[in-house]
Structures are given as structure tokens and as C-alpha cells.
Amino acid sequence: MTSVIVLRRIHRHFCKIKGSRNMNQKRNELLDKLQQKYDEIGQNVDVHLEGLLHSTPITYWDYVQTDALLNLQTKRTNLPDEMVFIMYHQVNELLFKMILWEIEQVAFNKNITTTFFATRLGRISRYFDMLASSFNVMGDGMEVEQYMKFRNTLTPASGFQSAQYRMIEFASTELINLIDIRFRKTIDRDTPFKHAYDHLYWQAAGKNHETGEKSTLLTLFEERYMDDFIVFMQTYNTLNLYSKFQSLPEADQQNVELRNAMRHYDHTVNVRWVMAHYDAAGKYLNSGDTEVEATGGSDWQKYMHPKYQKRIFFPSLWSENELQNWGVDNLESYAILD
């Protein structure tokens, strides 16, 4: 055996020993960290380690809960395109949950920075960008004839009744900006939350403010969610995105990256997303010789179109011209500040 071969074997042997020592050192460091973790919560680390002996490997389908997810679609008719309608709205709700998750991180961050704020707004906007650009999945993905048949089985249900979307609105801006524009001068910070709730802009879709009479659509929605909404409104009264922005130092409020992120979010939610929904609804509801009501019976055109209610989350970030032409002119040209 040559000396070169011997030296190589000796080298490999010492590398194994060194590698083993490094591995043992890393293992001991991990065990020390686990010990510390479970000591801090009053748990015996040995019990948890022993539990690992009996655990099974995680799989994709278990982690994502694929089987449960794919069994959440229950059609009410024999029309195939109803499945598109159900799944599309379920995807929306999942994205709404992601948006609320990001907003919560901003709302409850006590040492927030402009970078963190802008980054989270960027994430939220991307989710809404997906929502705004996805309506052709439903708009071009269902036969009008099928939709006009199965929609009657959905009455009085309506996308209006998405609780998560309402929570996104409450968590995004001060309550006054969600009040029906006809009543904003009568609402202030001393107004009881219940009174403010009764005058939210979307009440116009299911309530006659002259008589106080509510549609079944609105009545069922409130029976299910109103108490939750009041609590949520109180929680985010001073923690909503607009209030968090206004609580920042003046120099941070002038940060161009943050201001652009907020303007993009505001425009995407309250113009692009709304108009995409409006146009998709119009394709179906105006498809015949006469216009028809939305499934919940709402005056969907005046309720949805941004020019009527001027839903604007961050009004101080827009010029007077932009505010006056909200939902009328294409504000994309105003979206980026220098």
C-alpha cells in the first residue's frame, strides 16, 4: 500500500472523528435549547422527546388538510358551473383570512417601523391584486344561462354577507370613513358603536333608512355577526391601519415608500377590486332583456360602485381632485408619489 493511500485513509478517519464531534456538539446545543424552552413553560423536556418516538411523519395532505378542504364544496343544484361559483368564493375567503392575518401583525406591533408597515401593506396589496385580477375566473368561467338558473337557489345569500371582508374594512380605516356618506356629519368619536354600525355604508344594500325596515339579507347577517362586529370595531378603533399610520412620527408619515404602499392598497381595495366585482356582476345581472336584482335583493349598482359611497381608507393621502373623482377617473396615474 502506498504512503499516499495511507495518508488519504488517515485523513478520512480524522474527518469522520471531527464530523462526529461537530455533530455531537450541535446535538448538545439543540438539547440545551429544548431544555430551556420547556423549562420556561414548566414542562419536562424528556416527556416531549419521548413523545417524538410515537409521532408519525408529517405529510403534505395532513399538513394542508387536503381531504377536508376538498370536501367543503356542497352544490345545491345539478348545474356544473355552480361548483366554480362555490370554489371561487371559498378561495376569496382564504385570501381574506391571509389579509386579516397581516393586518393583525401591524395593528398589535408596539414598535412598528416604516419598513415593517410598508412590507406588510405590500403583502396585503398582493392578495388584493390577486382578488382584483381573478374575477375572470368566475366572470368568464361560468355560462350565463347556468348562473341565471342556480342563482335563484342561493337567495337570500349574497357575497355581501362575507364577515371577513367587513372585518378587513374595520381593521383598515377609522370608522367614520365607513359611514354612509349621507350620515357622516352626524357621527363622531362619542357616537355609540351600535349607532355607528346602523349607519355603515353597506347598510344601504339592505335597509330603508327612512322606515328602518331591513331586508332578510341584512337581518340574517346581523343575527349571525353583529355582536362580533361591535367587539371587532371596538378592538380596532385605534389600532386600524389608518390610525397606526397617523400615530407614527411625522417624518415616518412622509416616507414615500409607506405612503405609496398605503395609496396602492386603498386604490386596489376600494376601486380596482370593487370595480372588478361590479363588472363581473353586471355581466350576469344585465345579461337579459331586463336588469335583475342581486341574490340578496340589494340595489347592487349603487351599493357597489365606489363613486356613490366614496369608500376611502386613507383620505389624507389623496389630493382633493383625487377624492372628488374617486371611482370615476382612473386613479392609477396618481398611484405613485415621487
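Everything here concerns the structure above.
Residues numbered from 1 in each chain as written. Predicted model: local features only at pLDDT ≥ 70, side-chain atom pairs only at ≥ 80, totals over all residues. Heavy atoms only, no water.

Q: What is the right way to read the overall build of the protein from this model?
A: Within the protein, the regular secondary structure consists of 17 helices and 0 strands. A total of 338 residues make up the protein; the buried ones form 42% of that total. By sequence separation, contacts in the protein at least 24 residues apart represent 70% of the contacts at least 6 residues apart. Looking at the protein as shown, the accessible area adds up to about 19900 Å², and 54% of this sits on carbon and sulfur atoms. (Helix = DSSP H or I, 4+ residues; strand = E, 2+ residues; numbered from the N terminus. Buried < 20%, exposed > 50% of the residue type's maximum accessible area, 1.4 Å probe, protein only. Contact = heavy atoms within 4.5 Å. Areas by Shrake-Rupley, 256 points an atom, 1.4 Å probe, with all protein chains shown as cover.)

Q: Can you walk me through the environment of E213 in this structure?
A: As for its position among the elements, E213 is in the loop between α10 (193-197) and α11 (216-235). For E213, the residues in contact, after removing those within four places along its chain, are G206, K207 and N208.

Q: What's the story with the pattern of salt bridges in this structure? I'm lost.
A: Pairing is possible between side chains of opposite charge, provided their charged atoms come close. Considering all chains together, one arrives at 11 salt bridges under this definition. In this structure, the salt-bridge partner of E169 is R166, at a minimum N-O distance of 3.2 Å. Here the residue E169 and the residue R166 both occupy positions in helix α9 (residues 163-172), the gap between them amounting to 3 residues, near one helical turn. Taking relative accessible area as the criterion, E169 reaches 0% and is therefore assigned buried. For R166, a relative accessible area of 1% gives the class buried. Among the ionic pairs, E322 bridges to R263, the shortest N-O distance being 3.3 Å. In this pair, E322 sits in helix α17 (residues 320-324) while R263 sits in helix α14 (residues 256-285), placing the two residues 59 residues apart along the sequence. When sorted by exposure, E322 lands in the same class as R263, which is buried. (Salt bridge = Lys/Arg side-chain N within 4 Å of Asp/Glu carboxyl O.)

Q: When you look at unusual backbone geometry in this model, what are you seeing that I'm missing?
A: Excluding glycine, most residues fall at negative phi; most peptide bonds, likewise, are trans. A cis amide bond, omega 10°, links T155 with the succeeding residue P156. Take P156: it is sitting in the loop between α8 (144-150) and α9. For Q65, which is not a glycine, the phi torsion comes out positive at approximately 60°. Note that Q65 resides in the loop between α3 (60-64) and α4 (66-69). For Q65, a relative accessible area of 47% translates into the label partly exposed.

Q: What exactly am I supposed to notice about the packing of aromatic side chains here?
A: Any pair of aromatic rings gets described here by the distance separating the centres and the angle formed by the planes. Taken as a whole and judged by the stated rule, the model has 28 aromatic pairs. Ring centres 5.7 Å apart and planes at 50° place the aromatic pair Y242 and F314 in the tilted group. Taken together, the residues Y242 in helix α12 (residues 241-246) and F314 in the loop between α16 (306-309) and α17 connect sequence positions 72 residues apart. When the centroid spacing of 6.1 Å and the interplanar angle of 40° are considered together, the rings of Y265 and F314 count as tilted. (Phe/Tyr/Trp six-rings, centres within 6.5 Å; stacked < 30°, edge-to-face > 60°.)

Q: What should I look at first to understand the side chain of E322 in this one?
A: Owing to a relative accessible area of 5%, E322 belongs among the buried residues under this scheme. Of the polar contacts made by the side chain of E322, one reaches the backbone nitrogen of S319; its length is 2.8 Å. (Polar contact = N/O pair within 3.5 Å; in protein donor to acceptor, adjacent residues only side chain to side chain.)

Q: What is the right way to read the nonpolar core from this model?
A: In a soluble, globular protein the nonpolar side chains are often hidden away together inside. One finds F128, W202 and Y265 to be the most contacted residues of the largest nonpolar core, which totals 76 residues. With 12 residues, α14 is the single largest residue contributor to this core. Beyond its immediate stretch of four places on either side in the chain, F128 contacts F96, I99, Y165, I168, Y265, T268, V269 and W273. (Core = buried A, V, L, I, M, F, W, Y, C linked by side-chain atoms within 4.5 Å.)

Q: Explain the packing of α9 against α11 here, please?
A: Running from amino to carboxyl end, α9 crosses α11 at an angle of 25°, the nearest separation of the two axes being 11 Å. Considered as vectors, α9 and α11 are oriented roughly parallel to each other. Viewed along their axes, α9 and α11 form a crossing whose handedness is right-handed. On the side of α9, the interface is formed by A163, R166, M167, F170 and A171, while α11 contributes F221, Y225, F229, F232 and M233. (Axes fitted to C-alpha atoms, helices over the stretch in contact; angles between N-to-C directions. Parallel < 35°, antiparallel > 145°, perpendicular 65-115°, else oblique. Left-handed = near helix turned anticlockwise from the far one by under 90°.)

Q: Whenever I open this one, the side chain of E174 confuses me. Can you help?
A: On the secondary structure map, E174 appears in the loop between α9 and α10. Not counting the four nearest positions on each side in its chain, E174 is found in contact with R189, N240, Y242, S243 and Q246.

Q: Whenever I open this one, a nonpolar patch on the surface confuses me. Can you help?
A: Taken together, the side chains of I58, Y60, W61, Y63, V64, L69, L70, L72 and L94 define a hydrophobic patch exposed on the protein surface, amounting to about 1100 Å² of accessible area. Sorting elements by how many residues they give to the nonpolar patch places α3 first, with 4 residues. Considering the arrangement of structural elements, one finds I58 in the loop between α2 (45-52) and α3. The class of I58 is exposed, set by a relative accessible area of 65%. (Patch = residues over 30% accessible without salt bridge, like charges linked within 9 Å, V, L, I, M, F, W, Y side chains within 5 Å.)

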